[in-house]
Amino acid sequence: MKHFLFTAAIFAATLSSKAQSELSLWFDRPARQWEETLPLGNGRLGMTPDGGIVSETIVLNDITLWSGGVQEADNPEALKHLDRIRQLLYEGRNDEAQELMYTTFVCKGPGSSGQAFGRFEILGNLRIDYKYPSQSAVEDYRRKLSIDEATALTSFRIGNTEYTREYFAAFGYDVLVVKLKSSGSEALNFVIGLDRPQAFETSVEGESLLMRGQLDNGSDGKGMKYATRVSVKQAGGKVVGKNQRLEISGAKEAIIFISSTTDYLYPKFDDRCLSLLRAALGASYAAIKSSHIKAYKKYFDRMSLHLEPRAAGRDSLPTDRRLQAFAADHADNGLVELYFQFGRYLFISSARAGVLPPNLQGLWTNTINTPWNGDYHLNINAQMNHWPVETTNLAELAQPLIQLTASLVNPGSRTAKTFYKANGWVAHMMTNPWGFTSPGEHPSWGATNTGGAWLCAHLWDHYDFGRSRRYLEEIYPVLKGAAVFFLDILVTEPKNGWLVTAPTSSPENSFRMPGSGKSASVCMGSTMDNQLIRELFGNVASASEILNIDADLRKKLREAAGKLPPNRIGSDGRLMEWLEEYEETDPHHRHVSHLYGLYPGNQIVEPHLLEAARKTLEVRGDGGTGWSRAWKINFWARLGDGNRAFKLLCNLLNPTTNSGMDYSDGGGTYPNLFCAHPPFQIDGNFGGCSGIAEMFVQSYSGAIEFLPALPTVISKGSFSGMRVRGGGEVSASWEGGKLVSASLRASVDNVFRIKIPRMTRFTKSGKTIHPTIVDETAEIPLKAGEEIIMNYEFIIHNS
């Protein structure tokens, strides 16, 4: 018998340094479309430079720059028709109920298609026109994004002169920075302009360029105000402002600072914009860059991932060609690793406490008319954005979503009263910074009323991973209000006597009416609703028990949860999406909402339900939009099928340049690794990141499981710094597809349960311990700050 023992911490640290050095996207030419630019952001401001040689466009963004405003979208006439709508549903006349809802039970006004709802808009375009003394050809062109430092670089040579441009969205100084430099004796000569498609005025103030504007709020036109200032700090040469442009000539080096603010965050936004700019101009470039990298690495360096075997030479390919090579041959674990860390990079770059959470496009858009308004879809997309936050050790960056959810309580309470005569609060299918909580303008998708319940799942997850009682006390009123709403609106359906939502839908999906074959979406008690409400009731009951309050409410919640429709299996062996076994209009629909209980929920755990979920996914197929493919990675990882999860990851990484709204051919990944719905939609990036994490560690069942869905192609690797439920941080290494070692460090006092697949040696404070083991699961009590090392033994029996 031979024993091979390795220590996780040492193994992971050795590999992570190598992995970090390879974390970059790069191209050998300027961007030909926006989806080839390099995204930079500091949680509030963002930019995407295209690296043009003679003319460069840098798209600028501010995550708070929204048109629209607070509106009265609650329809006071809707409640009069609620009983009739429900009666039609009781009688199986769903199509008639839906038709009635189109005229009675929708938001007041045009809803998300109206100007008052608003949209996330481009801040502007920084235009730089360069003049070169030499007419020689451009050589050695390279454009690179270093995601381990959140900096981008463009470099090339003309004749004997090398030109470099360095870009970053400064975390510390809260401005955008572009540094231009030339080698040798050649000076820099360029002209800067600033514009946006509408609602702007530009002017020159001394040696600064100023752009101001006000967006349309959909009523009196006086919506959000913004100010953007551009100044140049140069070494040598001069700056002249004229014709609404800045002309820089004879500079050896130049640093462009862009400061921008809105009155959404700052009542005195113009003063704030100027003060941020002055602070940057008064600091050294080295200090600004150093503080930026330090602030960024505070989050990014918390965890590492290294995957083998590596494909020789793949990281020497430009990223667009690397994607194409991966499509032909998936043996590139380095790209999987890069994609995972790129997801974390995007989240750090688009989330900051006190600001809005990442929207459908994070904080990047290149247009006024951002697809789907760039809003917060609450039927999966805003939530998928946050799937990797807890597991990949970015917990503080969940604060914007927590704050957004809390901001919906007051408007959601009015919506609950107006539409349902209910207590508590509700959010339907989508929202915006202005507190929109009404149903959407189309009942086929806008009737979904569990958007708030799904948001509450993330509030609970934040507690479950961190176990802060103080935080739980803060969010309890939000969770309670959502639960009280459903207690009030659940009705008893006549066939089985279950408590159900009515009216509702299974997000964006439809079915054929028995007999007529007509398509309908409106229903009672969709499976996803049942799962979300069961989860919400359970979480609120648990929270009330932990906090020792609301015993009567706790009892009501648990009783009501027992009356919700159970997860049921249809005659074809699949999990049923609706109360009735309807025929789907589209069997391959992008939404797989009835598997919420598989992922991100934890209700589909029994073998027969897992098998039904598997059959459901087989019929749904491995295609779909980008984010749909990302969701399916997580599904298959929860089913323990790492190879199928990896197949879906490969499908998600399918290269595309289609930036239009036609997604009939499915989604994939753009050259700059943005997810293609298409068009660009960032949730797929975050869902893909989450799916990769689910391959390596899971903790949803109450026990920590290492390598629950390891793909065969990732036979060797390590990770460190992932978080698990219960308040712990874990690391692991594996070889030959087998777990070699792992560690767990507690952030709070708790008893942790860990699944152990083979003989394991447990070490705590350098001493071997012998924990209680039941059904191959060890129970280990740890105090905050304590760590346990687990070494797994390969046992070879000689016959």
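The preceding data block contains the structure.
Reading the values: rules and limits
- Per chain, residue numbering runs from 1 following the sequence as it is written.
- The predicted nature of this model means local features are confined to residues of pLDDT at least 70 and side-chain atom pairs, given and counted, to a pLDDT of 80 or more, with totals for whole chains, interfaces and linings taken over all residues.
- Excluding hydrogens and water, the side-chain values take into account all heavy atoms of the structure.
- Only DSSP runs of H or I reaching four residues or more are called helices, and only runs of E reaching two or more are called strands; each is numbered from the N terminus.
- Each residue is placed in one exposure class: buried if its accessible area under a 1.4 Å probe, protein chains only, is under 20% of its type's maximum, exposed if it is over 50%, and partly exposed if it falls in between.
- By the convention used here, residues are in contact when the closest approach between their heavy atoms is within 4.5 Å.
- By convention a nonpolar core is built from buried Ala, Val, Leu, Ile, Met, Phe, Trp, Tyr and Cys residues, the set being connected through side-chain atoms within 4.5 Å.
- Ring pairs shown here join Phe, Tyr and Trp side chains whose ring centres sit within 6.5 Å, with only the six-membered ring taken for Trp; geometry is labelled stacked below 30 degrees between planes, edge-to-face above 60, and tilted in between.
- Should the NZ of a Lys or the CZ of an Arg lie within 6 Å of a ring centre and within 35 degrees of the ring normal, that charge is described as sitting over the ring.
- Strand pairing is defined by DSSP finding a minimum of two bridges between the two strands.
- Here the axes come from fitting lines to C-alpha atoms, over the contacting stretch only for helices, and the angles between their N-to-C directions go from 0 to 180 degrees.
- Directions from the helix axis toward the C-beta atoms define the arc.
- Expected helix span is given by 1.5 Å per residue-to-residue step, counting one fewer step than there are residues.
- Put simply, a salt bridge is a Lys or Arg side-chain nitrogen that is within 4 Å of an Asp or Glu carboxyl oxygen.
- Note on definitions: the grid is 1 Å and covers protein atoms alone; a cavity is a set of points where a 1.4 Å probe fits but cannot get out; a pocket is an open set with protein on both sides within 12 Å along at least five of seven lines; lining residues have an atom within 4 Å of a point.
- Grid points are joined across faces, edges and corners, and a volume is the space filled by probe spheres set on the points.
- Residues are sorted three ways: Asp, Glu, Lys and Arg are charged, Ala, Val, Leu, Ile, Met, Phe, Trp, Tyr, Cys and Pro are nonpolar, and all the rest, Gly among them, are polar.
- Each angle receives one of four descriptions, namely roughly parallel if under 35 degrees, roughly antiparallel if over 145, roughly perpendicular if within 65 to 115, and oblique otherwise.
- By the definition used in this description, the sense in which the near helix is turned from the far one sets the handedness, with an anticlockwise turn below a right angle giving left-handed and a clockwise turn giving right-handed.

1. Quick word on the environment of Arg469
Within the secondary structure layout, Arg469 lies in helix α14 (residues 469–489). Taking the relative accessible area as the measure of exposure, Arg469 reaches 43% and is therefore partly exposed. Each C-alpha atom of the pair Arg469 and Ile128 lies 52 Å from the other, and the pair is 341 residues apart in sequence. Contact partners of Arg469, with chain neighbours within four places excluded, come to Tyr463, Ile546 and Leu547.

2. Considerations on the side chain of Thr319
Looking at where Thr319 falls in the secondary structure, it is placed in helix α6 (residues 319–328). When sequence neighbours within four positions are dropped, the list of residues in contact with Thr319 reads Leu25, Trp26, Phe27, Pro671 and Leu673.

3. Focus on the nonpolar core
Ile256, Phe696 and Phe706 are the most contacted members of the largest nonpolar core, which totals 224 residues. Top element by residues in this core is α14. It accounts for 12 residues. Core analysis: the next-biggest nonpolar cluster, separate from the first, contains 12 residues, Ala170, Val177, Leu276 and Leu277 among them.

4. Brief notes about the packing of aromatic side chains
Under the defined criterion, the tally for this structure stands at 36 aromatic pairs. Judged by centre distance (5.0 Å) and plane angle (80°), the rings of Tyr132 and Tyr163 are edge-to-face. Of this pair, Tyr132 sits in the loop between β5 (124–131) and β6 (138–146) while Tyr163 sits in strand β8 (residues 161–169), and the two are 31 residues apart along the sequence. What makes Tyr132 buried here is its relative accessible area of 17%. Residue class for Tyr163 comes out buried when judged on its relative accessible area of 5%. Ring-pair connections join several aromatic residues into one group, and the members of that group are Tyr130, Tyr132, Tyr141, Phe156, Tyr163 and Phe190. We note Arg638 situated over the ring of Tyr700; from NZ or CZ to the ring centre the distance is 3.9 Å.

5. Focus: the sheet that holds strand β1 (residues 24–27)
A sheet is described by the order of its strands in space; here 9 strands give the open sequence β1-β6-β7-β8-β9-β16-β13-β12-β11, paired in antiparallel fashion. The outermost strands of the open sheet, each flanked by one partner alone, are β1 and β11 (201–205). Ignoring which end each strand starts from, the neighbouring axes of this sheet average 15° apart. Relative to strand β13 (residues 225–235), strand β12 (residues 208–214) runs antiparallel, the two being bridged by 7 bridges. Bridge pairing in β13 places Gln214 opposite Lys225.

6. Details of the pairing of strand β7 (residues 151–158)
Summarising burial for β7: 6 of the 8 residues are buried, a large majority. Bridge count for β6 against β7 is 7 bridges, and the pairing is antiparallel. By the bridge assignment, Val138 is partnered in β7 with Ile158. What sits between the antiparallel neighbours β6 and β7 is a turn of 4 residues, in which Ala150 has the positive phi angle 60°.

7. Focus on helix α16 (residues 551–561)
Considered for burial, the residues of α16 that qualify are Leu553, Arg554, Leu557, Ala560 and Ala561. Mapping the buried residues of α16 onto a view down its axis gives an arc of 135°, with all of them on the same face. In α16, those exposed residues whose orientation departs by more than 90 degrees from the buried face are Asp552 and Lys555. Tucked into the core, α16 has its buried residues touching α14, β21 (499–500) and α15 (527–547).

8. Concerning helix α17 (residues 607–620)
At 3.6 residues per turn, the α-helix brings residues three or four places apart onto the same side. An ideal rise of 1.5 Å per residue puts 20 Å on 14 residues; α17 measures up with 20 Å between its terminal C-alpha atoms. Among all positions of α17, only Leu609, Ala612, Ala613, Thr616, Leu617 and Arg620 are buried. Along the axis of α17, the buried residues cluster in a sector spanning 140°; they form a single face. Turning to α17, the residues buried within the fold contact β26 (583–584) and α18 (626–638).

9. A closer look at the pattern of salt bridges
In total, this model carries 53 salt bridges according to the counting rule given. Linking Arg93 and Glu96 is a salt bridge whose minimum nitrogen-to-oxygen distance equals 2.8 Å. The salt bridge involving Asp195 is made with Arg127; its shortest N-O contact spans 2.9 Å. Placement of the pair is Asp195 in strand β10 (residues 188–195) and Arg127 in strand β5, with a sequence separation of 68 residues. Three or more residues joined by partner-sharing salt bridges are found here, namely Asp572, Arg574, Glu577, Glu584 and Arg620.

10. Here's the deal with the layout of surface pockets
Using a probe with the size of a water molecule, rolled over the atoms, empty space left in the structure can be pinpointed. By volume, the largest pocket is sized at about 440 Å³. Along its surface, the largest pocket is lined by 28 residues, and Asp464, Asn602, Ser699, Tyr700 and Arg725 are the ones closest to its centre. Here the residues of the lining of the largest pocket are counted per class, giving 11 nonpolar, 9 polar and 8 charged. Space inside the second largest pocket adds up to approximately 370 Å³. Lining the second largest pocket are 21 residues; nearest its centre among them are Trp372, His377, Met429, Trp445 and Glu508. Residues of the lining of the second largest pocket, tallied by class, amount to 7 nonpolar, 10 polar and 4 charged.

11. Some points on empty space enclosed by the protein
Tallied over the full model, the rule gives 7 cavities of 30 Å³ or more. Its boundaries defined by the atoms lining it, the largest cavity holds a volume of some 130 Å³. Looking at the largest cavity, it is lined by 13 residues, and the ones nearest its centre are Trp387, Asp461, Phe465, Tyr599 and Arg725. The class makeup of the residues in the lining of the largest cavity is 4 nonpolar, 4 polar and 5 charged. In this structure, the second largest cavity occupies an estimated 80 Å³ of space. Lining the second largest cavity are Tyr130, Lys131, Tyr132, Tyr163, Thr164, Arg165, Leu180, Lys181, Ala187, Leu188 and Asn189. Counting residues per element, the ones that place at least two in the lining of the second largest cavity are β5, β8, β9 (176–182) and β10. With 3 residues, the single largest contributor to the lining of the second largest cavity is β8. Across the lining of the second largest cavity, the residue classes tally to 6 nonpolar, 2 polar and 3 charged.

12. Quick word on the sheet that holds strand β14 (residues 238–242)
Note on sheets: strands pair through backbone hydrogen bonds, and any given pair is parallel or antiparallel. Sheet architecture is open: 7 strands sit in the order β2-β3-β4-β5-β10-β15-β14, paired in antiparallel fashion. At either end of the open sheet lies a strand with only one pairing partner, and these are β2 (40–41) and β14. Pairing between β2 and strand β3 (residues 45–49): 2 bridges, direction antiparallel. From the neighbouring strand, Leu40 faces β3, where its bridge partner is Met47.

13. Describing the pairing of β13
Relative to strand β16 (residues 253–262), β13 runs antiparallel, the two sharing 10 bridges. Looking across to β16, one finds that Lys233 is bridged to Ile255.

14. Comments concerning the packing of α15 against α16
Two packed helices can be described by the angle between their axes and the distance between those axes. Look at α15 against α16: their axes get within 9 Å of each other, and the N-to-C directions meet at 155°. The angle between α15 and α16 places the two elements in the roughly antiparallel class. Handedness of the crossing formed by α15 with α16: left-handed. Contacts between α15 and α16 involve Arg534, Phe537, Val540, Ala541, Ser542, Ser544 and Glu545 from the former and Arg554, Leu557, Arg558, Ala560 and Ala561 from the latter. Taken together, the residues that form the contact of α15 with α16 break down as 6 nonpolar, 2 polar and 4 charged.

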